[in-house]
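An overview of the molecular structure
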Amino acid sequence: MNLFKRFSQRLGFMILTLVVMSFLIFLLVEIMPGDVAQTVLGQSATPESLAALRESMGLNDPLMVRYGHWAGKFIRGDLGESLYMRGIQINTIFWRKVGHSIILALTALIFYVPLSLFFGVFAGVKAGKLPDSIISFFGLATMALPEFVSGIILITLFAIKIPLLPITSIIPIGETLWENLNILILPALSITLVMFGYVSRMQRSSMLTVMNSDYIRAAILKGMPRGYVIFRHALKNALLPTITIIGMNMGWLFGGLIVVETLFGFPGLGSLTLSAIKTRDVPLLEASVLFITFIFVVSTFITDMMYLFLNPRIRFKGSDS
Amino acid sequence: MKNKSILEIKNLDVEYSTLTDKVVALKDINITVEEGESLGIIGESGCGKSTLSYAIMDYLPSNGLSNGKILFKGENLLEKSPKEQTKYRGDRIAMVYQNPYSSLNPSLTIGFQLDEVTMFHRGFSRKEARNASIEALKDLYLGDAAGIVRRYPHQISGGMQQRICIAMALLCKPDLLILDEPTTALDVTTEVVILDIISELKKKYNMSLIYISHDIGVINKVSDRIAVMYRGEVVETGSQHTIYKHPEHPYTRALINCMPRSGIVKEEVRLNAIPGYVAKRSAAETGCPFVSRCEKKTLICQENYGLKESKANHFSSCSRAYAEDVPDKERTRLKIPLENNVKEENILSIKDLYKYYGGPGKKVRALDGVSVSLERNSVLGVVGESGCGKSTMGLTVSGLLKPTKGQLIFDGIDIAVSWRKRTPEILKNIQLIFQNPGRSLNPSFTIETIIGRPMKKLLGIKSKTERRKMVIDILKKVDLGEEYLSRKASQLSGGEMQRVALARAFSISPDLLVCDEPTSALDVSVQASVLNLLGELQQESKASYIFISHDLNVINYISDYIMVMYLGRICEYGRKDEVVGPPYHPYTEALISAVPDVDPDSAKQQIRLEGSPPNPTKKIKGCPFEGRCHKKIGKICETTAPPKVYFSDDHFVFCHLSPGKLGAK
Amino acid sequence: MKTILLHLKNNPLAILGIMILFLWIFAALFGPALLSYNYTEMDMEHQMTTPGEYGHLLGTDALGRDVFARIIYGSRSILTVALMTSLVSSIVGILIGFTAGYFGSLVDTFFLRAMDILMAIPPLVLSMVVLGILGDSSFLSLTLIVSIAFTPATARVARGALLSCKGSEYVDAARIRGESHFIIMFVEILPNTIGPIIVEITARFAYSIMMIASLGFLGVGLQPPTPDWGMMVIENKSIIRAASWTVLYPSLAIASLVIAVSLFSDFVSKVMIHEK
């Protein structure tokens, strides 16, 4: 009952967020300076042809009508036609790039989640000692660096000084990502560095809180061996908040992708979004930003549900609280 | 013939190093606990009681350093490797903590946390361990043991959680059980049950106990011998009888004398307050730890002291102060003149007051129809266990909460509204004293600003110099000097902070003061002086008090009238002497019997209440106390609300029982 | 003050961070006056000079512009914009967060939901899209947009700080004295939340530097000819193999500044926690 209520509340909120965000994105693009029709037809267009195009694109309709029209198409899966690349349906290029980005994000995830959880827990257990100081400083430094800075440092080290990996992550024409998996490594590592700092520091502090709690003291003074206390008593309580944070930050990760993909020229959602801005490709921009929001909302929702499920304090309602 | 000793602590010192300096937590502790003996350790907060228990477990914070010997059955625990330590902890020496809820892992079932103890120490299989756990729970009279093991800690009540913690400590039948304030977080009626169980199990398993508490009444119930600690030192040890009847150390005497207890009332005596407060101890300090607060001090106190055996089994670090003195506690008390109590008009009438929290379906009935009046120039004590609605009543009177329905007639005006709708005149006339003085004074402001602000706001005194003069005057009344003007709250001790709070309230001469547990956060030695001050200020200003406390002894000391509450309703109301003596409501009777006695020789009849108060979200048709009442008649208690029965003009109870059954003569 | 010095003594990394930060502030204030090159000046004879040659301390880029001079000038804009955004977003955050937390119930619920919705779009994406749409970024638009993008986060911190004090009895005492909401919020509560707020401002300063550098890198930050560290990196990315210094040194400049600020902010939060 409790769970179901939370589930439907969260689901409702997720949909609300998407609706509000889509409207905001739509509004934002509306205020973009310059005339869409002009952009499409170029500077030499005649006033008549401009007017005709505006009419055919529905640009003269009231705002809400256009929003409804746009959102309706979106729900049906029609992302519209690119403005910059005339005649190309966004659907035909968009999903392949989204796929690339998801693969990149997952690769990064596979690197940083175990690494940062492990080192975070380790630093938390060794709090105040040398390993903790080293891990904490390293985390602080990598967390502070923008993705492109760590990317440049990685390129200098592993592509120029030691020419192991490619400087750019471009997929040659006619090939697919699967044939060029080595291009994933440096971009994924750049993301890993930033996320490592963030997540490991979170993990360290939550581990520290748990290790200083009364129930851990009670477990140790019950004569349980230290390793057992850490694994059986501390870890579950200490991992729960961090896992939540990782989930909630999936959206953030996609923000970071824009920078990384731009640096490495990786053909993904991020570089697509940036080029949509640069070329003022309205439908493409709307689709990209909305998709980033969608990823965030969905991952938040999943994390929230997971948290509910893993936390006995919520799963089993108290008899007297 | 001496018994074998289980634990011998020799010359134990513990120091904490902080960023700025070193603080002495324990100094030269020498304690022996014999087989089957129970040692009570008493002291105020900051006296090193808890540090001592963690030092025995060799579990100090990383900035703590211990020095000395802790011999457990002849072996020095401080020299053990971490691996050897696990063999003692939880097996031979077990511990129970103050806060049961935070001592249980929230994400593991109770059964798991119990089972692992025997699985590790006894090598039991999962099944054997589970059986042992269930047996241990039954030892503690936990009914549905097989059901409890499958639950999580948050699903059971505080009293049950503490029983589980005790069961966990007893799983391996330890030689020594350390209990660190195990009942402080619990209500008295729960406390008394747990204390009984502890004494019973101690006999059953012939364990040695170390019982730590700030409450001498509690210590009396469970210990054979008492050690008094002050600022990191044991200043006196002896049997509980010796400590109470023939205390030698000035601190022990002062501590016993400053406690409110049954039979001590403001009309007859003033409490003996100890000046000053428990200060932190730096490494450089030498001499008697009590010297700065001691009224018997001489030059000798700086050098010549240390625990000496004055009589058989009675050790004291100051045998000089009272050597020639008759140990008469009453003599040291001041008598104050009895005031003729004339019946006065009512200043406040509460009529049918209700306060519900939460939304529909989950409505918590914090106040469920309370009607009571308060006379001018009198003190109404409101007593009850946590959740009985006493604080809610204080908050509605002071205006912080708006009642759901009902009337609050103050000076002829209905003030059953929130503070926002009250006139400045009323705001001025009703003042509130909070439980936690540290949180009631804004840490960013000086004392002058804190006390001056209500004068400016509610009395309209604009001139700063005039205000300063008034602030100095009022500070004098609460025994604080001019030097406090520019200090901030964080630079004061708890007692000083509460004095400032009192000064703030009295600076604008209110007619009614609501005191919400004003001394609960203070040490007993400080509590006495604040209670005295409250009494003096009341007599001088002729203001009325609503004095809310969970401590019946304090209520009994300060009040003229007492109201006993249970689950948002009144059980009993009357003049003080009428309420604390028979005939009384069964709940009042249980409450009085549960209060631990300061005098170890007092033999009081014990009433054990089972269970805990019912869920306040449920609508109660009959008597709220019916589920736990030891005098329950039958069906009528469950179905019909009890009638209001008057024993005298201003003494009534809500109960179905006839006055004769309630103890009337 | 004495305890701060004691903390510093135990924390050599914080000293290092503060020193680097001061170095950059010094560079931003006085550096340009001491330079022998202007940031737009093109040394046509010496394009892509390796560091140290022909008086170019950190070499020149493809157009022959002195990398060192551009880094020094660039420190001015990034420090000013980052400082402004951290202050603006914190102040706006305090106003919003305090109002929401103080009045509670519906106001608070509305605020929380609104912030949740706004947080659904990462601050970097939000700023990038808005700045990109608006076209050429100015000092003002950059500061404003980044501040807005940060506000949900700062408002949450401010709200949390307020809530930790709101339950205190001194607030109740002020209420039943009849104080106005404004006085309670900003005279009674604000001074007691200053610790977490200072921590937030310093941490926000580090985020701002990160963000502004990234926006510059994406080409939606300050526009040429203003030298911008992020922009220098992307401009020269194509010649990274031939002249790695044109990319590496601006990156290291960002790294040193942002790590220094983070160390400083970490130190501030440690001191503040200890003070409590």
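Rules used in this analysis
- Residues numbered from 1 in each chain as written.
- Chains lettered and ligands numbered in written order.
- Predicted model: local features only at pLDDT ≥ 70, side-chain atom pairs only at ≥ 80, totals over all residues.
- Heavy atoms only, no water.
- Domains from an automatic or database assignment.
- Contact = heavy atoms within 4.5 Å.
- Buried area = accessible area lost by both parts, 1.4 Å probe.
- Salt bridge = Lys/Arg side-chain N within 4 Å of Asp/Glu carboxyl O.
- Polar contact = N/O pair within 3.5 Å; in protein donor to acceptor, adjacent residues only side chain to side chain.
- Helix = DSSP H or I, 4+ residues; strand = E, 2+ residues; numbered from the N terminus.
- Core = buried A, V, L, I, M, F, W, Y, C linked by side-chain atoms within 4.5 Å.
- Buried < 20%, exposed > 50% of the residue type's maximum accessible area, 1.4 Å probe, protein only.
- Pairing = 2+ DSSP bridges.
- Axes fitted to C-alpha atoms, helices over the stretch in contact; angles between N-to-C directions.

What follows is about the domain arrangement of chain A. Residue and element names in this part refer to chain A. Split into domains, chain A comes out as domain 1 (2-75) and domain 2 (97-315). Across the boundary between the two partners, domain 1 contributes 19 residues, which contact 16 residues of domain 2. Summing both partners gives a buried area of about 1900 Å² for domain 1 against domain 2, and 81% of it is carried by carbon and sulfur. Where domain 1 touches domain 2, the interface holds 1 salt bridge. Here Asp304 ties to Arg10 by a salt bridge, and the two come within 2.9 Å at their closest N and O atoms. At the junction of domain 1 with domain 2, the criterion picks out 2 residue pairs in polar contact (both at pLDDT 80 or more). Looking at the side of domain 1 that touches domain 2, the elements with two or more residues in it are α1 (2-30) and α4 (63-75).

Right, let's talk about the interface of chain C and chain A for a bit. Listed as interface residues are 40 residues of chain C and, on the opposing side, 47 residues of chain A. When chain C packs against chain A, the two sides together hide about 3900 Å² of surface, and 82% of this comes from carbon and sulfur. By the criterion of area lost to chain A, the three top residues of chain C are Ile117(C), Ile133(C) and Lys237(C), representing 17% of everything that side buries. Linking chain C to chain A there are 1 salt bridge. Across the pair Asp266(C) and Arg201(A) runs a salt bridge whose closest N-O atoms are separated by 2.9 Å. Here chain C and chain A share 4 residue pairs in polar contact (both at pLDDT 80 or more) between them. At the level of elements, α4 (105-118), α5 (123-134), α9 (194-217), α10 (229-235) and α11 (245-275) of chain C are the ones that each hand at least two residues to the side of chain C that touches chain A. The element that contributes the greatest number of residues to the side of chain C that touches chain A is α11(C), accounting for 11 residues.

The next thing to look at is the nonpolar core. Membership of the largest hydrophobic core comes to 168 residues, with the highest contact counts inside it found for Leu502(B), Leu534(B) and Met563(B). Not counting residues within four places of it along the chain, the set of residues in contact with Met563(B) comprises Val370(B), Val372(B), Leu380(B), Gly381(B), Val382(B), Val383(B), Met393(B), Ile570(B), Glu572(B) and Tyr573(B). Ranked by size, the runner-up nonpolar core spans 135 residues in total, among them Leu165(A), Leu284(A), Phe291(A) and Trp229(C).

Residues and elements named next belong to chain B. What the 8 strands build is an open sheet, ordered β18-β19-β20-β15-β21-β22-β24-β23; its pairing is mixed. The open sheet is flanked by β18 (430-433) and β23 (644-648), the only strands paired with a single partner. Pairs of neighbouring strands in the sheet enclose a mean axial angle of 20 degrees, with direction left out of account. Summarising the sheet, strand β21 (residues 561-566) and strand β22 (residues 569-575) pair through 6 bridges and their orientation is antiparallel. Looking at β22, one finds that Val564 is bridged to Glu572. Across the sheet, helix α17 (residues 494-506) touches β18, β19 (512-516) and β20 (544-549), and the angle it forms with β18 is around 175 degrees.

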